[in-house]
Amino acid sequence: MPTVSVKRDVLFRALGRTYTNEEFDELCFEFGLELDEITSEKEIISKEQGNEKAQGASDVVLYKIDVPANRYDLLCLEGLVRGLQVFKERIKAPMYKRVMPNGEIQKLIITEETAKIRPYAVAAVLRNMKFTKDRYDSFIELQEKLHQNICRKRALVAIGTHDLDTLSGPFTYTAKKPADIKFKPLNKSKEYTACELMNIYKTDNQLKHYLHIIENKPLYPVIYDSNGVVLSMPPIINGNHSKITVNTRNVFIECTGTDFTKAKIVLDTIVTMFSEYCDNQFTVEAAEVVFPNGKLHTFPELAYRKEIVRADLINKKIGIRETPENLAKLLTRMCLKSEVIGDGHQIEIEVPPTRADIIHACDIIEDAAIAYGYNNIQMTLPKTYTIANQFPLNKFTELLRHDMAAAGFTEALTFALCSQEDIADKLGLDISATKAVHISNPKTAEFQVARTTLLPGLLKTIAANRKMPLPLKLFEISDVVIKDSSRDVGARNYRHLCAVYYNKNPGFEIIHGLLDRIMQLFAVPPGEKKGGYVIKASEVPFSPLVTILKFFWVCEPVHFYHIFDSTCPAFFPGRCAEIFARGQSIGKLGVLHPDVITKFELTLPCSCLEINIEPFL
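Definitions and cut-offs
- Residues numbered from 1 in each chain as written.
- Predicted model: local features only at pLDDT ≥ 70, side-chain atom pairs only at ≥ 80, totals over all residues.
- Heavy atoms only, no water.
- Phe/Tyr/Trp six-rings, centres within 6.5 Å; stacked < 30°, edge-to-face > 60°.
- Helix = DSSP H or I, 4+ residues; strand = E, 2+ residues; numbered from the N terminus.
- Buried < 20%, exposed > 50% of the residue type's maximum accessible area, 1.4 Å probe, protein only.
- Lys NZ or Arg CZ within 6 Å of the ring centre and 35° of its normal.
- Domains from an automatic or database assignment.
- Patch = residues over 30% accessible without salt bridge, like charges linked within 9 Å, V, L, I, M, F, W, Y side chains within 5 Å.
- Areas by Shrake-Rupley, 256 points an atom, 1.4 Å probe, with all protein chains shown as cover.
- Salt bridge = Lys/Arg side-chain N within 4 Å of Asp/Glu carboxyl O.
- Lys, Arg positive; Asp, Glu negative; His and termini not counted.
- Charge placed at Lys NZ, Arg CZ, Asp CG, Glu CD.
- Contact = heavy atoms within 4.5 Å.
- Axes fitted to C-alpha atoms, helices over the stretch in contact; angles between N-to-C directions.
- Parallel < 35°, antiparallel > 145°, perpendicular 65-115°, else oblique.
- Left-handed = near helix turned anticlockwise from the far one by under 90°.

## Re the packing of aromatic side chains
- Under the criterion given, the structure shown has 19 aromatic pairs.
- With centroids separated by 5.7 Å and ring planes inclined at 85 degrees, the aromatic side chains of Tyr96 and Phe282 adopt a geometry described as edge-to-face. Linking Tyr96 in the loop between α4 (77–87) and β4 (97–99) with Phe282 in the loop between α7 (260–274) and β15 (283–285), this pair joins segments that are 186 residues apart in sequence. Both residues of the pair, Tyr96 and Phe282, count as buried.
- Ring geometry for Phe396 and Phe522: centres 5.3 Å apart, planes at 50 degrees, overall tilted. Highlighted residues: Phe396 in helix α11 (residues 392–406) and Phe522 in the loop between α14 (508–521) and β26 (532–533), separated in sequence by 126 residues.
- An aromatic cluster is present here, built from Phe131, Tyr136, Phe139, Phe274 and Tyr277 joined pairwise through their rings.
- Directly above the aromatic system of Phe260 lies the positively charged group of Lys264, at a separation of 4.7 Å from the ring centroid.
- Across the ring face of Phe600, the terminal group of Lys426 is positioned such that the distance to the ring centre comes to 4.9 Å.

Written out as structure tokens, the structure reads:
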């Protein structure tokens, strides 16, 4: 959840009254928010950097408020105050209007060169604004919150705000070679080429995180005015020429990106939040965007739409009994202007441009529940009687863990993602033969694929604990992921058990004995006979695991298990066996090949066992 920091005194002044900390916490809870922390700039710096660095910092009290990730309209002081005031019925939700300018409309022309980089752009103008220091700070902070949230760190949308009085339209959004782009970036006194800027910003703590979006592209996006002045090089930096200040009166806003819908939402959010400070409140001056195909689009859209939801559906989903009129009032308090229509059982809801989170009737019902108050919903017994039960495979796994620990093995829990090298090269296999699921955009070389075996994780755990007393006996029972074209997601999970014995001697007999114990617990006897028989209570050793498995074994024939000599690059020749049970191969056991041991930075022999436990359930 995003956290919005607001100055307490500024917030109370905007709300028109003062609250105690407890009262404001209660108000936030009623509105579906959470007052996360009460702090100050000085306190924050003191915690992060020490008391010396905090000297001279502001003591102004800050409220840190957790906001739902889809409520973009609450990411700034203006939207937060407006939402709370409407919720408390002190004001009515404003109507946002798009107006045409008195003179020539501002135009943003998109060229064909942008198609392969950031093909979309939208624009608007906030005319005759009145900034103060607090309003200016809120304006900048909202952009940053949107960049981190809906804009996905500027990858989907990048926002540029400019002092329109320093520019001359029409504007051109194009793409050029980095060496051909030269301008004075924000807060710099010297001109740089785009190549130079990318090198400079590699050490910038804020901007270095966005360079990867365009740095490997042959062309960089750039916006010019009619005089060739650079407004911005999205999504990296704006030009210093059009920098906005507290004295700026007319703001030109452009949003470029790869997602057209999100670009429109971001533009609507910014202009609706700050049109409050225009001379003509809640009106936004339109701008025209000319797309490469010649089509003209006017922005911002500021579209209102109507949704119809039955009152009985709202009551049923929430578990309340309210009249349609009362439900309409509740929704109106959530900035969703509503009225009863038709036969008196339907509610027509007007969704404003600030509520991009309203996608389905469920979103409307959720708002009605918030306005009604979750604490006011009466607790009732469910109409459907159900008994909760643990997922059988998980219960089976938990019981098996206890018995593995009783056998003297220590449990490890390793990462589900690993490198290609871990599951292929180090085990002497080809990566294509592993049927591994690859991560399309891995952050590090350590997390390239989903594991297809538990063995590498245990071997790396042993390598990190070589100083521990010998022998090291580890096990893990977790899922592996294998490609499966028959599944709708293209892959399938299998629950595996893997055990490793690491000592001065291989200890193959230890691992083989562990296999016998596991099969004893599963009540699967050894032998090469493939017939089955009904399990008798006298033949089954006592164990909680067996107790639970009896439920699945009633009158069911059980196959014997047997092992056959096998070859595998990961195992020492002649010291590897394949395990068969219930008519299928369930895994392997044996002594690991010295090359495998060396590649995992180990120095002593090691034997292991890995089986799929799902066939036994």
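After that view, the rundown keeps rolling.
## A few points about the domain arrangement of the protein chain
- Split by domain assignment, the protein chain resolves into domain 1 (3–88), domain 2 (97–299), domain 3 (305–371) and domain 4 (392–530 + 557–616).
- The distance between the C-alpha centroids of domain 2 and domain 3 comes to 36 Å.

## Quick notes on a negative patch on the surface
- Negative charge collects at one region of the surface, where Glu22, Asp25, Glu26, Glu34 and Asp36 lie side by side.
- Broken down by secondary-structure element, the contributors of at least two residues to the negative patch are α2 (21–30) and β2 (34–40).
- Along the chain, the position of Glu22 falls in helix α2.
- Overall, the relative accessible area of 61% leaves Glu22 in the exposed class.

## With respect to the environment of Glu215
- Residue position: Glu215 is located in the loop between α6 (194–200) and β11 (220–224).
- Remark: the alpha-carbon pair of Glu215 and Leu327, spanning 112 residues in sequence, is separated by 52 Å.
- Setting aside anything within four residues of it in sequence, one finds Glu215 in contact with Met198, Lys202 and Tyr220.

## Quick notes on the side chain of Ser138
- Position of Ser138 relative to the elements: it lies in helix α5 (residues 133–148).
- Discounting residues that sit within four places of it in the chain, Ser138 has contacts with Cys76, Leu77, Glu78 and Phe274.

## Looking at the packing of α5 against α7
- Following both chains from N to C, one finds α5 and α7 inclined at 160 degrees, their axes separated by 11 Å at the closest point. Taken as axis vectors, α5 and α7 run roughly antiparallel relative to one another. Like other packed secondary-structure pairs, α5 and α7 cross with a definite hand, here right-handed. Taking contact as the criterion, the partners of Arg135, Ser138, Phe139, Leu142, Gln143 and Leu146 in α5 are, on α7, Val266, Thr269, Ile270, Met273 and Phe274.

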